[in-house]
Amino acid sequence: MTPPAPALPVVRVFRPDGILLNERFEIAERAAGQSPARAEMARVPQMRRCATAMLRYHGLMPMSDDVALVLGELIGNAIVHSRRGPLVTVQLRVAGRRLIVAVGTSKASGRPVLRQQGLEAEHGRGLRLVDGIAQGRGGRWGVDAASEGVKVWCDLPLDGAPA
């Protein structure tokens, strides 16, 4: 029987700017009512996997499920609601004892808002999940709007850090 591979060391040294993940990708412009391309929506699980790998590497695995859910919701919303394309940015960054998850679009088709959906609604619960995770972890979330773009962010205390 082969012995298990040694565990990788936990690295708690961050870059001076705190960036753990900084990605950009383009999405195609599309007409109202047209769904995003499958390849564009495939970015959601790809970015979740990248984020989870970086959190594991930096010893932040205990918060990876919540971060992956927040990141997936924000990226999915950016792709679905940015019909005018072309650029989506994804960033995970450590600032002090906090982890900032941010997803931006260069052209927005509206400002994201927290909604109360009925039981039969098939969509519209993503930001409610982000809000619940942020509040449950002692964090917060918000929206920064620029002239054409929008960035939605979630600020979470690092595991073990004071809120």
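In this text the structure is predicted, and so the values were computed from the model without any measurement. Numbering of residues starts from 1 in every chain and runs along the sequence as written. It should be noted that, the model being predicted, local features are given only for residues of pLDDT at least 70 and side-chain atom pairs only at 80 or more, the latter also being counted only at that level, while totals for whole chains, interfaces and linings use all residues. As a convention, hydrogens and water are excluded, and side-chain values are obtained from all of the structure's heavy atoms.

Brief notes about the sheet that holds strand S1 (residues 19-26)
Remark on secondary structure: sheet strands pair via backbone hydrogen bonds, oriented parallel or antiparallel. Where we set the bar: Pairs of strands are assigned from DSSP output, requiring at least two bridges between the strands. Numbering of helices and strands starts at the N terminus; helices are DSSP runs of H or I of at least 4 residues and strands are runs of E of at least 2. Axis angles are defined between N-to-C directions and span 0 to 180 degrees, where every axis is a line fitted to C-alpha atoms and, for a helix, only to the segment in contact. In what follows, a contact means two residues having at least one pair of non-hydrogen atoms within 4.5 Å.
Taken in spatial order, the five strands of this open sheet run S1-S2-S3-S5-S4, and their pairing is antiparallel. Strand pairing shows two members of the sheet lacking a second neighbour, S1 and strand S4 (140-145), which therefore form its edges. On average, each strand axis in the sheet is tilted by 15° relative to the strand beside it, whichever way the strands run. As paired elements, strand S3 (residues 98-105) and strand S5 (residues 150-157) share eight bridges and run antiparallel to each other. Paired with Val101 across the bridge in S5 is Cys154. Sitting on the sheet, helix H2 (residues 43-57) is in contact with S1, strand S2 (87-95) and S3, with an inclination near 165° to S1.

Concerning the packing of H2 against helix H3 (residues 64-81)
Heads up, the condition is: Orientation labels follow simple angle bins: below 35 degrees gives roughly parallel, above 145 gives roughly antiparallel, 65 to 115 gives roughly perpendicular, and whatever is left gives oblique. Take the far helix as the reference: if the near one is turned anticlockwise from it by less than a right angle, the crossing is left-handed, and if turned clockwise, right-handed. Amino acids outside the nonpolar list (Ala, Val, Leu, Ile, Met, Phe, Trp, Tyr, Cys, Pro) and the charged list (Asp, Glu, Lys, Arg) are all regarded as polar, and Gly is one of them.
Where H2 meets H3, the axes come as close as 9 Å, and the angle between the chain directions of the two elements is 150°. Regarding the angle of H2 to H3, the classification is roughly antiparallel. Taken as a pair, H2 and H3 cross one another with a handedness that is right-handed. Contacts between H2 and H3 pair Arg43, Val44, Met47, Arg48, Ala51, Thr52 and Leu55 from the former with Ser64, Val67, Ala68, Leu71, Gly72, Ile75, Gly76 and Ile79 from the latter. Taken together, the residues that form the contact of H2 with H3 break down as nine nonpolar, four polar and two charged.

Focus on the side chain of Thr105
Selection criterion: For every residue, the accessible area (1.4 Å probe, protein chains only) is compared with the maximum for its type, and the residue is labelled buried under 20%, exposed over 50%, or partly exposed between those bounds.
Along the chain, the position of Thr105 falls in strand S3. Residue class for Thr105 comes out buried when judged on its relative accessible area of 9%. Among all residues touching Thr105, those that are not within four sequence positions of it are Ala78, Ser82, Leu87, Val88, Gly149 and Val150.

Some points on the side chain of Glu40
What counts here: Polar contact criterion, stated in full: a pair of N or O atoms within 3.5 Å, where within protein one must be able to donate a hydrogen and the other to accept it, and residues adjacent in sequence count only if both atoms are side-chain atoms.
Checked against the element boundaries, Glu40 lands in helix H1 (residues 38-41). Within the structure, the side chain of Glu40 is placed 2.5 Å from the backbone nitrogen of Ala28, a separation counted as a polar contact. Excluding anything up to four places from it in sequence, Glu40 contacts Ile27, Ala28, Arg30 and Ile79.

Concerning the nonpolar core
Our working definition: Throughout, nonpolar core names a set of buried Ala, Val, Leu, Ile, Met, Phe, Trp, Tyr and Cys residues whose side chains join them through atoms within 4.5 Å.
Residues Ile75, Leu99 and Val101 are the most contacted members of the largest nonpolar core, which totals 36 residues. Elements with a contribution of two residues or more to this core: S1, H2, H3, S2, S3, helix H4 (126-136), S4 and S5. When residues of this core are assigned to their parent elements, the largest contribution, seven residues, is made by H3.

Some thoughts on H2
Short version of the rule: Expected span of a helix: the number of residues minus one, times 1.5 Å. Of all possible arcs, the one meant is that of the directions from the helix axis to the C-beta atoms.
Helix length check: H2, at 15 residues, gives a terminal C-alpha distance of 21 Å against a target of 21 Å (1.5 Å per residue), a fit within 8%. The set of residues buried in H2 consists of Val44, Met47, Ala51, Thr52 and Leu55. Projection of H2 onto a plane perpendicular to its axis shows the buried side chains occupying an angular sector of 140°, all on one side. Residues of H2 that are exposed and point over 90 degrees away from its buried face: Arg49 and Arg56. Packed against the buried residues of H2 are S1, H1, H3, S2 and S3. Looking at the residues trailing H2, positive phi occurs at Gly59, about 75°.

Note that all results are geometric; they support no functional claim without further evidence.
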